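Observations on the three-dimensional arrangement
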Amino acid sequence: MCKYMVREEEYLTAHGHPNVTATHRTTFEITKEDELSLAGSCIIAVGADKGALDLSRRFRDALHHPDCRLTTTLCCGPYEVQITSRGDPGLSLTHPTDLVWRRSSFTCGRTIGIYADHTARDLPREMITLLAGGAEMSVLLVAEYFTPED
């Protein structure tokens, strides 16, 4: 039998905040929380309409596949950035407000992607300037993997 691709998508929106600095070296985060202190250097957007716990069962199942690739597309104003990371069977996806992408393999209830090829400080500064001004951001999440051949 042939392999086939499993593909699940989620879409969310969030917005910036005056305290967005996006200088963190190892992660970036989007949160449903509305407030942000200057200590939150990994947070790029607040007021999201989804946290890890809000993701659909099918999407969560796809992220748990050991070969899952997660492609995250961030759109803000004229800027679009695509981030590639991986899912993992160890993702619990239990946090009610936060989504975190990590450069490392560390997982916790907030982690949505590991081995990410971007962190907060890697994002275009022009996009971060818009977010610091409160701009809206749309986020497309695509989790995909190939099934094994039978």
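Summary of the structure given here.

1. Brief notes about the pairing of strand β8 (residues 136-146)
- Counting buried residues along β8, 8 of its 11 residues qualify, which places the element largely inside the surrounding structure.
- With 11 bridges joining them, strand β1 (residues 5-15) and β8 adopt antiparallel strand pairing. Within β8, the position partnered with Tyr11 by the bridge is Leu140.
- Here 7 bridges tie strand β4 (residues 69-76) to β8, and the two strands are oriented antiparallel to one another. Opposite Thr73, over in β8, you have Leu140 as the bridge partner.

2. Comments concerning the pattern of salt bridges
- Within the structure shown, the criterion is met by 10 salt bridges.
- Where Glu144 meets Arg69, a salt bridge forms, and the shortest distance between an N and an O atom there is 2.3 Å. Here Glu144 is found in strand β8, whereas its partner Arg69 is found in strand β4, with 75 residues between them in sequence.
- Taking the relative accessible area as the measure of exposure, Glu144 reaches 9% and is therefore buried.
- Connected through salt bridges with shared partners, the residues Arg7, Glu9, Arg69 and Glu144 form a single ionic network.

3. Some points on the environment of Val139
- Along the chain, the position of Val139 falls in strand β8.
- The class of Val139 is buried, set by a relative accessible area of 0%.
- Sequence separation of Val139 and Ser37 is 102 residues, and the distance between their C-alpha atoms is 22 Å.
- Ignoring sequence-local partners within four residues, the contact set of Val139 consists of Glu10, Tyr11, Leu12, Ile30, Thr72, Thr73 and Leu74.

4. Focus on the sheet that holds strand β7 (residues 111-113)
- The strand order across the open sheet built from 4 strands is β3-β2-β6-β7, with neighbouring strands paired in mixed fashion. Edge strands, defined here as strands with exactly one partner in the open sheet, are β3 (43-45) and β7. Along the sheet, successive strands turn relative to each other by an average axial angle of 35°, direction set aside.
- For strand β2 (residues 27-31) and strand β6 (residues 98-102), the ladder comprises 5 bridges, and the chain directions are antiparallel. Of the residues in β6, the one forming a bridge with Glu29 is Val100.

5. Thoughts on the sheet that holds strand β5 (residues 79-86)
- Taken in spatial order, the 4 strands of this open sheet run β1-β8-β4-β5, and their pairing is antiparallel. Edge positions in the sheet fall to β1 and β5, since each of these pairs with one other strand and no more. Along the sheet, successive strands turn relative to each other by an average axial angle of 15°, direction set aside.
- Pairing between β4 and β5: 8 bridges, direction antiparallel. Across the sheet, Cys75 pairs through a bridge with Glu80, a residue of β5.
- Against the sheet, helix α2 (residues 125-132) engages β1, β4, β5 and β8, with an angle of about 105° to β5.

Cut-offs used in this document
- Residues numbered from 1 in each chain as written.
- Predicted model: local features only at pLDDT ≥ 70, side-chain atom pairs only at ≥ 80, totals over all residues.
- Heavy atoms only, no water.
- Buried < 20%, exposed > 50% of the residue type's maximum accessible area, 1.4 Å probe, protein only.
- Helix = DSSP H or I, 4+ residues; strand = E, 2+ residues; numbered from the N terminus.
- Pairing = 2+ DSSP bridges.
- Salt bridge = Lys/Arg side-chain N within 4 Å of Asp/Glu carboxyl O.
- Contact = heavy atoms within 4.5 Å.
- Axes fitted to C-alpha atoms, helices over the stretch in contact; angles between N-to-C directions.

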